[in-house]
Amino acid sequence: MASSNFVKPSAGDWTPTEPGVRRRLLTHNEQLMIVEVAFEKGAVGSLHSHPHIQASYVAEGAFEVTIDGETAVLEAGQSFIVPSNAVHGCRALEAGRLIDSFTPARLEFLSV
């Protein structure tokens, strides 16, 4: 179930998730998963929750991020943590990319 120790994602590895949003798995095992998520300007990651703890790094762009009703604007180089079951989402203020990590791994991402 784990990916290789060394992963070199390709351009064909992207999966559309919501309008203007796509993701690709970078690496994973049962305990941890790292995912790259690309957003077009104005695209929304809808409010949702999951039992996984999520830590995200803003690799490019700027995002308005909401976690349990608290909203902040984050730019490249900044990060956030989403506790287990917290309602969260984001909106891309400009085109950008997030690097999301999940523990445990989001197994449902593997079946897409």
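No experiment lies behind these values; they were computed from the predicted model shown.

(A) The arrangement of the sheet that holds strand β2 (residues 21–28) in detail. Pairing is antiparallel across the open sheet formed by 6 strands, whose spatial order is β1-β2-β3-β10-β5-β8. The sheet is open, and its two edges are formed by β1 (15–18) and β8 (79–82), each paired on a single side. Neighbour to neighbour, the strand axes of the sheet diverge by 30° on average, direction disregarded. Bridge count between β1 and β2: 3 bridges; the pairing is antiparallel. Its bridge partner being in β2, Thr15 is matched across the sheet by Arg23.

(B) Up close: the sheet that holds strand β4 (residues 44–48). Spatially, the 4 strands line up as an open sheet ordered β4-β9-β6-β7, and their pairing is antiparallel. What marks the edges here is a single partner per strand, and that holds for β4 and β7 (70–75). Each adjacent strand pair in this sheet contributes to an overall mean axis angle of 20°, direction not counted. For strand β6 (residues 62–67) and strand β9 (residues 88–92), the ladder comprises 5 bridges, and the chain directions are antiparallel. For Phe63, the partnering residue across the bridge sits in β9 and is Ala92.

(C) Representation of the pattern of salt bridges. Tallied over the full model, the rule gives 5 salt bridges. Here Glu64 ties to Arg91 by a salt bridge, and the two come within 3.5 Å at their closest N and O atoms. You can see Glu64 sitting in strand β6 and its partner Arg91 sitting in strand β9, a full 27 residues away along the chain. Of the residues examined, Glu64 reaches a relative accessible area of 27% and is grouped as partly exposed. One salt bridge connects Glu108 with Arg106, and the closest N-O pair in it is separated by 2.5 Å. Taking the relative accessible area as the measure of exposure, Glu108 reaches 35% and is therefore partly exposed. Classification of Arg106 by relative accessible area gives buried; the value is 9%. Within this structure, Arg24, Glu36, Glu60 and Arg97 form a network of salt bridges that share partners.

(D) The arrangement of the packing of aromatic side chains in detail. Under the criterion given, the structure shown has 2 aromatic pairs. Aromatic pair Phe39 and Phe63: ring centres 5.0 Å apart, planes at 75°, arrangement edge-to-face. In this pair, Phe39 sits in strand β3 (residues 33–39) while Phe63 sits in strand β6, placing the two residues 24 residues apart along the sequence. Residue Phe63 is classed as buried on the basis of its relative accessible area, which comes to 0%. When the centroid spacing of 5.8 Å and the interplanar angle of 85° are considered together, the rings of Phe102 and Phe109 count as edge-to-face. Each member of the pair, Phe102 together with Phe109, is buried. In this arrangement the basic side chain of Arg23 is found over the ring face of Phe109, its NZ or CZ atom lying 3.7 Å from the centre. Over the face of the ring belonging to Phe102 we find Arg106, whose NZ or CZ atom lies 5.1 Å from the ring centre.

What counts, and at which threshold
- In this numbering scheme, every chain counts its residues from 1 along its sequence in written order.
- A pLDDT threshold of at least 70 governs which residues receive local features in this predicted model, and a stricter bar of 80 or more applies before side-chain atom pairs are shown or counted, although totals over entire chains, interfaces and linings include all residues.
- Values shown for side chains rest on all heavy atoms present in the structure; no hydrogens or waters enter the calculation.
- At least two bridges found by DSSP between two strands is the condition for calling them paired.
- Put simply, DSSP H or I for four residues or longer makes a helix, DSSP E for two residues or longer makes a strand, and each gets a number counted from the N terminus.
- For helices, the axis comes from a line fit to the C-alpha atoms of the stretch in contact; other axes are also lines fit to C-alpha atoms, and the angle between any two N-to-C directions lies between 0 and 180 degrees.
- For salt bridges, the criterion is a side-chain nitrogen of Lys or Arg within 4 Å of an Asp or Glu carboxyl oxygen.
- Think of it in three bands: with a 1.4 Å probe and only protein chains considered, a residue is buried below 20% of the maximum accessible area for its type, exposed above 50%, and partly exposed in between.
- Within 6.5 Å between ring centres, the rings of Phe, Tyr and Trp (the latter by its six-membered ring) count as paired, and their orientation is classed by plane angle as stacked under 30 degrees, edge-to-face over 60, tilted in between.
- Two conditions define a charge located above a ring, namely a distance within 6 Å from the ring centre to NZ of Lys or CZ of Arg, and an angle within 35 degrees of the ring normal.

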